[in-house]
Amino acid sequence: ALRHCLTTSDDARTMPPMDSLQRHGIETKISQALEKVKQILGAEKSPQIAGDVHHEYEDKYLLVERATNMAAAAELNCLGMLGLTTQHLSTLKQWASGQEVSLRFKSKEQCNFLREETREEEAPRKHVEEVTVGGVLRSAITSKVVTKITEYFWSFETNYVLEAFKGVGAETSDRLVLWSRQGQVELKTSAKSPAPHPEVRSPAVNKEVNISWLLRTLADPATPSFAIDRTIKSCKTPRRNEDFDKAYEHFMALSNWTRYVADYINHLRTVRPRKIDDSALSLEHVFVPVTPIMFKEGIGEINDTAASSLMSLLPKGVAEPSLVLSSSAGNLLLNEQMRSLKEQHQNIHSCFAGDTGILTAAEACMSLTLTHMNAVAHQWVQAVDYVESMLRKQLVAAIGKEVSPSEFGSYMRFHYRKLFSDAYQPSQFCFAVRRSEQHGPEGTVSIEEESYGEGGAAMHMPIVTLENHGSTPTVMNFPLSASTTVSFTGPVHLHGWLCHSFSGQTGSGLFLKSRARQFSSMLVLVGRVTSATSFDPTYAAIVQNKDELTIPLEMSVIPTPKEFKDAIASLSPEQQQFAKAFRAMQLESTLFGVLVVQIKPQLEKLLNLPDDSLTKEIKLTQDLMELFLKYQIPSDLLSFSEPEGAAHETSATERLAAVKGHVKAMFDMINKEKEEELEEVRKQAQYIEPLADLADLFRTTGSLPSECSTPMLEAIECEEREECEVETKVHSGIKKKGRSRAAPAASVPAAPSSAPSAPVPPPAPPAQTAEAAAASPQPAEAAPEPQETPSREAPMESAGAAG
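All values reported here derive from a predicted model rather than from experimental measurement.

Colleague: Looking at this structure, how should I read the packing of helix 2 (residues 57-81) against helix 6 (residues 327-351)?
Modeller: With their axes 11 Å apart at the nearest point, helix 2 and helix 6 run at an angle of 30° to one another. Here helix 2 runs over helix 6; the crossing is right-handed. Touching Arg66, Met70, Ala73, Ala74, Asn77, Cys78 and Met81 of helix 2 are Ser327, Gly330, Leu333, Leu334, Gln337, Met338, Leu341, Lys342 and His345, all from helix 6. Its residues assigned to classes, the contact of helix 2 with helix 6 shows 9 nonpolar, 5 polar and 2 charged.

Colleague: Just to check I follow, could you spell out the packing of aromatic side chains for this structure?
Modeller: Each aromatic ring pair is specified by the distance between its two centres and by the angle formed by the two planes. Applying the stated criterion to the full structure yields 16 aromatic pairs. Relative to Tyr152, the ring of Phe113 has its centre 6.4 Å away and its plane inclined at 45°; by these criteria the two rings are tilted. Here Tyr152 lies in strand 4 (residues 136-166) and Phe113 lies in strand 3 (residues 101-133), a separation of 39 residues in the sequence. According to the relative accessible area criterion, Tyr152 is buried, its value standing at 14%.

Colleague: Help me understand the pattern of salt bridges in this model?
Modeller: When the charged atoms of two side chains with opposite charge come close together, those side chains can pair. Counted according to the given criterion, the structure contains 34 salt bridges. Between Lys513 and Glu448 there is a salt bridge, with its nearest N and O atoms 3.7 Å apart. Separated by 65 residues along the polypeptide, Lys513 in strand 18 (residues 510-516) and Glu448 in strand 12 (residues 443-452) bring together distant segments of the chain. The residue Lys619 makes a salt bridge to Asp623 at a minimum N-O spacing of 2.9 Å. With a gap of 4 residues between them, Lys619 and Asp623 both fall in helix 12 (residues 618-629), about one helical turn apart.

Colleague: Got a minute to help me understand the nonpolar core in this structure?
Modeller: Soluble globular proteins: nonpolar side chains tend toward being buried together. Core analysis: the biggest nonpolar cluster contains 96 residues, and Phe105, Trp257, Leu370 and Trp380 have the highest contact counts within it. Broken down by element, this core gets its largest block of residues, 16 residues, from helix 7 (residues 361-399). Sequence-distant contacts of Leu370, defined by excluding residues within four places in its chain, comprise Leu82, Trp257, Thr258, Val261, Ala262 and Ile265.

Colleague: Just to check I follow, could you spell out a nonpolar patch on the surface for this structure?
Modeller: A cluster of nonpolar side chains, contributed by Val131, Val133 and Ile141, occupies part of the molecular surface with about 230 Å² of accessible area. Mapped onto the fold, Val133 is located in strand 3.

Colleague: Would you take a moment to explain the side chain of Thr291 for this structure?
Modeller: Along the chain, Thr291 turns up in the loop between helix 5 (242-267) and strand 9 (293-295). Among the residues examined, Thr291 registers a relative accessible area of 13% and is labelled buried.

Colleague: Can you help me understand unusual backbone geometry in this one?
Modeller: Both trends apply: most residues other than glycine have a negative phi, and most peptide bonds are in trans. In this structure, Pro194 follows Ser193 across a cis peptide bond, with omega equal to 0°. Here the residue pair Ser202 and Pro203 is connected by a cis peptide bond, since its omega of -5° sits within 30 degrees of zero. As for its placement among the helices and strands, Pro203 is situated in strand 6 (residues 200-210). In this model, Asn608 sits at a positive phi of 60°, which is unusual for a non-glycine residue.

Reading guide: rules and limits
Residues numbered from 1 in each chain as written. Predicted model: local features only at pLDDT ≥ 70, side-chain atom pairs only at ≥ 80, totals over all residues. Heavy atoms only, no water. Axes fitted to C-alpha atoms, helices over the stretch in contact; angles between N-to-C directions. Helix = DSSP H or I, 4+ residues; strand = E, 2+ residues; numbered from the N terminus. Left-handed = near helix turned anticlockwise from the far one by under 90°. Contact = heavy atoms within 4.5 Å. Nonpolar A, V, L, I, M, F, W, Y, C, P; charged D, E, K, R; others polar. Phe/Tyr/Trp six-rings, centres within 6.5 Å; stacked < 30°, edge-to-face > 60°. Buried < 20%, exposed > 50% of the residue type's maximum accessible area, 1.4 Å probe, protein only. Salt bridge = Lys/Arg side-chain N within 4 Å of Asp/Glu carboxyl O. Core = buried A, V, L, I, M, F, W, Y, C linked by side-chain atoms within 4.5 Å. Patch = residues over 30% accessible without salt bridge, like charges linked within 9 Å, V, L, I, M, F, W, Y side chains within 5 Å. Areas by Shrake-Rupley, 256 points an atom, 1.4 Å probe, with all protein chains shown as cover.

Dropping the structure here:
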């Protein structure tokens with residue numbers, strides 16, 4: 001029996017492995033950023049991609065921590081461009097110590113009708129008509145087209161605010177305004193209805209994002225201090241741990257918020273379109289300071305007195321590792337971010353003239369800053385994924401290949417040989433079905449899992465299980481029908497199988513395979529063990545004579561005890577009671593079971609034969625299987641019955657001879673029934689076509705038996721003549737359609753050369769028609785070309801020619 005597997009789920013977020021194309025794209029971006037980093041840090045520094053620098057495992061954690069701190073500082077610098085000051089930041093940190101702090105962008109739109117104006121517009125062309133009398137121009141009439149145009153003017157006003165608040169922001173003291181603006185523009189339409197925009201949209205946008213993680217990460221005065229706790233059990237890798245999950249959740253939420261708000265600001269461009277230089281809104285020249293780089297010889301401290309960014313990575317004087325980016329170098333990168341962002345803001349101000357309207361330089365700068373925040377979050381995710389992919393690549397390089405679940409199973413089997421003694425060694429689930437050790441196997445039953453070879457070819461291998469079997473056979477039963485129950489006994493084996501699968505992947509497919517040898521047979525039943533004495537079969541099949549039965553097994557996963565306990569913790573007492581009862585049913589009645597019944601011993605008991613009497617009786621066994629399976633013969637007609645009042649017990653040879661006699665008599669009766677059925681079918685066919693057999697004989701030999709009567713002979717000749725006439729008419733139609741072609745010799749039937757004794761009919765008289773002449777057999781090499789002669793069935797010939 002095979003217990004349904006119990007698996008545990010990994011709470012940490014798992015990302016799909018990075019393929020070579022994605023890794024190449026990230027490395028290309030890092031290589032482009034390296035040139036900018038060299039310009040910032042100086043030519044004497046030699047930053048390189050982290051994968052090209054020899055480092056230790058601890059350096060990967062430090063690299064992820066430094067990248068996260070850089071991203072947090074870059075996000076705060078962008079918020080500083082949106083109105084966040086150091087005083088604001090200090091207030092928000094105090095709020096975050098006891099409550100949740102969020103950012104909210106809220107907008108309101110109004111569209112009101114102003115006035116209606118009517119104007120006249122002259123067409124650019126004039127029509128001049130001249131009047132002449134006697135060839136002399138007397139007058140000229142000039143006309144022009146004037147169009148009356150009615151225009152409707154509307155006032156579209158937008159008012160938005162960017163604020164930080166604690167809790168739900170119910171009180172005024174709980175809110176802190178970072179940015180607010182009101183703009184108005186006049187719209188013009190050619191129709192008064194419908195209005196270009198709804199009269200009031202309040203709020204047009206109301207988007208919030210929680211920034212509590214970012215504020216709680218800051219140390220005094222304003223230093224990001226993200227760190228990964230490597231001591232907890234849930235910490236697997238620099239990418240798979242609880243601390244990173246919180247940071248990932250924050251940056252993804254902030255990225256979605258910035259993208260949503262930036263899309264709304266870009267929507268304002270469509271209210272009253274204006275031509276804008278797109279290069280001013282481009283992020284191509286804005287530096288993103290998050291880059292997974294290392295230094296071979298260490299970078300040390302760098303003078304960063306010129307740094308003017310809002311945040312700094314680490315306070316000075318703190319000892320730092322030499323391979324990752326130092327705090328002073330990180331401050332220089334953040335300073336370059338601020339410089340390039342401010343420079344792009346200046347370009348925007350030069351492209352946007354005036355401060356009136358709903359889309360000014362202020363909105364363009366906000367949209368650019370928000371889009372840059374989104375780029376920082378995504379580049380941080382790529383940097384951390386690069387570190388995780390680098391770890392995976394190095395592990396694969398150390399092993400020499402990528403380990404699959406089946407190969408991990410082989411790895412576990414190798415250690416099983418060291419952990420378990422010989423008596424408890426796991427074994428393959430593959431059993432030879434045999435009566436005893438002295439008998440040869442009837443076949444095999446195995447449970448196999450699908451694995452893949454070096455070339456990707458799929459192959460099935462038996463699973464390895466921990467086995468235990470009872471010393472005393474247990475009597476069990478299963479229902480055959482509503483009124484019949486079958487009891488069975490025999491060796492019972494209990495198997496436990498441990499399924500290996502990696503996170504994000506499904507386990508290997510399982511298959512139950514039953515193979516029978518030639519002249520062997522067995523009955524295989526598949527179902528569930530519902531109790532210690534009952535078996536509930538679901539499927540059954542007879543496997544015999546080199547058959548191979550393959551049944552896919554679909555496993556269902558039930559929760560682990562801890563998962564089940566956590567799931568029912570918040571349920572009502574009645575629901576908990578039902579869930580526990582249902583789980584008890586799952587644990588007790590989902591035990592997978594396979595029952596194998598050998599057919600030969602059961603036949604011997606059924607036919608009252610001694611044990612082992614059918615082992616070498618191959619033909620008799622095959623005949624019995626055919627009678628029982630194909631013809632559904634009752635066993636009472638074949639079994640041996642001890643005669644009443646017998647003086648001594650019948651010997652085994654006599655019993656076997658009696659059964660053979662019953663089988664022979666049954667087959668004789670079946671063969672006789674077959675012959676009678678065939679004769680009945682033959683008579684029915686002859687009744688439908690009484691002359692069919694004689695006609696076939698006449699076509700083959702050219703003669704009929706002497707006992708055939710003259711009318712019968714004339715009827716057959718008439719039938720043959722009609723067939724020849726139809727054939728000749730078809731060929732005559734072909735001749736009429738194309739006279740230049742010679743008639744084929746096959747159109748005139750030749751006398752069979754293999755029957756020289758067949759009588760040849762006399763030649764046709766001169767008055768005979770073309771059809772009758774064609775019906776008489778002639779030598780194939782002297783076949784005359786059919787001539788066009790009058791016929792009584794000329795319409796049929798025309799139809800043949802048309803066909």
